[in-house]
Amino acid sequence: MKHSTHRLTGFTLLELLIAAAIVALLCAIALVNFQHAKGRANQARCAANLKAIAYALYAYKLDLNRYPLADGTAGLGESMGQTSPGNGPAANGSWDGVPRVLVRLGYLGSEQYLFCPTFRERFKGDRLQRFRYAYNNSAADTGGTIGAPNDVDRDAHDIWLARCLWVPPESSFTPQANDVTYPHGEDHDRENVLMSNSRVELRDGRQDFRKAFGISAN
Ligand SMILES: [Zn+2]
């Protein structure tokens, strides 16, 4: 009797260690899968935001015959006009942002559409206000790529209206190409971009950045 009780309850230390190692491995696999799934969900929600912005801009233009001016200053108020460098509403202060007038006039149902869900998770309050979607108003009204003015019809495939533009808070507002990282894609090396033809694309922002500033790839 005593002998059989011992056999029923007995695990060796080695068996326990193996079991613990297997559980730890399964947890690690589950965590990686969860993080990938979360990344894909954020990317899809970000793309949906940009789609909503596309419809809002289109509706605004139908009503008022032009696109709205970009907001130039980060914060909770409207600030249509030029970006004040370092205090812009997009990409940590470096860029114009999608204007809040779209929310005030009801073209966007909520200010949540103004921010990538990835940034909403990372930044709160005043810091979040520096990460609104960037808005390329010069392209919207006069044509333009990231760099010089351009022709809307001729270059329609390569003109962006809004993008999930990311500059890390610790870098200056005139970052070098290597300072810039992006919130989407499997390796966090892509960003969602709303093109002037209303398509939302996952773009290689690093490549666009180099092109805009005439930096050769290395
Ligand atoms: Zn995004």
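Residues numbered from 1 in each chain as written. Predicted model: local features only at pLDDT ≥ 70, side-chain atom pairs only at ≥ 80, totals over all residues. Heavy atoms only, no water.

## A short note on the overall build of the protein chain
Helix and strand counts for the protein chain come out as seven helices and four strands. Secondary structure of the protein chain in N-to-C order comes out as α-α-α-α-α-β-α-β-β-β-α. Within the protein chain, contacts between residues at least 6 apart in sequence are counted, and of these 59% link residues at least 24 apart. Accessible surface for the protein chain amounts to roughly 12500 Å². Of this, 57% is attributable to carbon and sulfur atoms. (Helix = DSSP H or I, 4+ residues; strand = E, 2+ residues; numbered from the N terminus. Contact = heavy atoms within 4.5 Å. Areas by Shrake-Rupley, 256 points an atom, 1.4 Å probe, with all protein chains shown as cover.)

## Side note on the sheet that holds strand S3 (residues 191-195)
An order of S1-S2-S3-S4 is seen for the four strands of this open sheet, with the pairing classed as antiparallel. Strands at the two margins of the open sheet, each flanked by one partner only, are strand S1 (134-135) and strand S4 (200-203). Relative to strand S2 (residues 160-163), S1 runs antiparallel, the two being bridged by two bridges. Residue Ala134 lies in a different strand from S2, and its bridge partner there is Arg163. Across the sheet, helix H2 (residues 13-64) touches S1, S2, S3 and S4, and the angle it forms with S3 is around 20°. (Pairing = 2+ DSSP bridges. Axes fitted to C-alpha atoms, helices over the stretch in contact; angles between N-to-C directions.)

## Quick notes on the nonpolar core
Formed by 28 residues in total, the largest nonpolar core has its most connected members in Ile53, Val98, Phe119 and Tyr133. Among the secondary structure elements, those contributing two or more residues to this core are H2, helix H3 (101-104) and S2. With eight residues, the single largest contributor to this core is H2. Discounting residues that sit within four places of it in the chain, Phe119 has contacts with Leu128, Phe131, Cys164, Leu165, Trp166 and Pro183. Within the second largest apolar cluster, eight residues are counted, among which are Ala90, Trp160, Val193 and Met195. (Core = buried A, V, L, I, M, F, W, Y, C linked by side-chain atoms within 4.5 Å. Buried < 20%, exposed > 50% of the residue type's maximum accessible area, 1.4 Å probe, protein only.)

## Some points on the coordination of the zinc ion
The protein atoms donating to the zinc ion are Cys46 (SG), Cys116 (SG), Cys164 (SG) and His184 (NE2), with metal-donor distances spanning 2.1 to 2.3 Å. One can describe the donor arrangement at the zinc ion as tetrahedral, given that its four donor atoms subtend angles of 102 to 116° at the metal. His184 sits in the buried class, given a relative accessible area of 1%. (Donors = N, O, S within 2.8 Å, 3.2 Å for Na, K, Ca; no water. Tetrahedral: all angles 85-135°; square planar, octahedral: opposite > 155°, others 65-115°.)

## A look at the side chain of Asp71
With respect to the helices, strands and loops of the structure, Asp71 is situated in the loop between H2 and H3. Within the local environment of Asp71, its side chain forms a polar contact with the backbone nitrogen of Ser79, the two atoms lying 3.1 Å apart. The contact partners of Asp71, leaving out residues within four places of it in the chain, are Gly77, Glu78, Ser79, Met80, Pro89, Asp96, Gly97, Val98, Pro99, Arg100 and Arg132. (Polar contact = N/O pair within 3.5 Å; in protein donor to acceptor, adjacent residues only side chain to side chain.)

## Brief notes about the pairing of S3
Regular strands show a simple pattern: their side chains alternate between the two faces of the sheet. By the criterion of burial, S3 is predominantly enclosed, with five of the five residues buried. Burial of the side chains of S3 extends over both faces: Glu191, Val193 and Met195 are buried on one face and Asn192 and Leu194 on the other. Both S2 and S3 contribute to a ladder of three bridges, which runs antiparallel. Bridge assignment links Arg163 to a residue of S3, and that residue is Val193. Where S3 lies against S4, four bridges are found, and the strand directions are antiparallel. The partner of Asn192 across the bridge, within S4, is Leu202. Linking two consecutive strands that pair antiparallel, namely S3 and S4, is a turn of four residues; a positive phi of about 75° is found at Ser198 within it.

Structural measurements only, silent on function.
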